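What the coordinates show
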Amino acid sequence: VQLQASGGGTVQAGGSLTLSCAASGNIFGAKAIGWYRQTATERRELAALIIESGHTKYADSVKGRFDISRDSANTWTLQMSCLKPEDTAVYYCNVKLGIDLTLYDYWGQGTLVTVSS
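Residues numbered from 1 in each chain as written. Predicted model: local features only at pLDDT ≥ 70, side-chain atom pairs only at ≥ 80, totals over all residues. Heavy atoms only, no water.

Attention now goes to the side chain of Arg-65. Within the secondary structure, Arg-65 sits in the loop between β6 (56-58) and β7 (66-72). For Arg-65, a relative accessible area of 10% translates into the label buried. Beyond its immediate sequence surroundings of up to four residues, Arg-65 is in contact with Gln-79, Met-80, Ser-81, Cys-82, Leu-83, Lys-84 and Asp-87. (Helix = DSSP H or I, 4+ residues; strand = E, 2+ residues; numbered from the N terminus. Buried < 20%, exposed > 50% of the residue type's maximum accessible area, 1.4 Å probe, protein only. Contact = heavy atoms within 4.5 Å.)

For the coordinates displayed, the defined rule picks out two aromatic pairs. A ring pair is formed by Tyr-36 and Trp-107, whose centres lie 5.1 Å apart and whose planes are at 75 degrees; its orientation type is edge-to-face. Of the two residues, Tyr-36 sits in strand β4 (residues 32-38) while Trp-107 sits in strand β10 (residues 102-107), which places them 71 residues apart along the sequence. Note on Tyr-36: relative accessible area 14%, which makes it buried. For Trp-107, a relative accessible area of 34% puts it in the partly exposed group. For the ring pair Tyr-92 and Trp-107, a centre distance of 6.5 Å and an interplane angle of 90 degrees mean the geometry is edge-to-face. Of the two residues, Tyr-92 is situated in strand β9 (residues 89-99) and Trp-107 in strand β10; the sequence distance between them amounts to 15 residues. By way of ring pairs, the aromatic residues Tyr-36, Tyr-92 and Trp-107 are connected into one cluster. (Phe/Tyr/Trp six-rings, centres within 6.5 Å; stacked < 30°, edge-to-face > 60°.)

Next up, the structure:
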């Protein structure tokens, strides 16, 4: 499975940006798909996730501003609005696959989002 993230860029505070992720390979039955983010000084953290049941999970810091959706079997997007400088990070798309009772994480290459004040 390979993931390709796109849509990063520079935006002013208060603006919006949409990230897209496309998976190649079979991700049927994925336990979860989503987005994580990481800054130069912090560990990678969850931004938004869609779990197998269809429920979504968001970091408290992005609730009400970010919206994750699955557009097709192999693509999903993260719509980000009311962006803040603290949202600046490299965003990684992620898929969690369960294989033989083991959970595997697959990651995209990361796309940089810069929010200027």
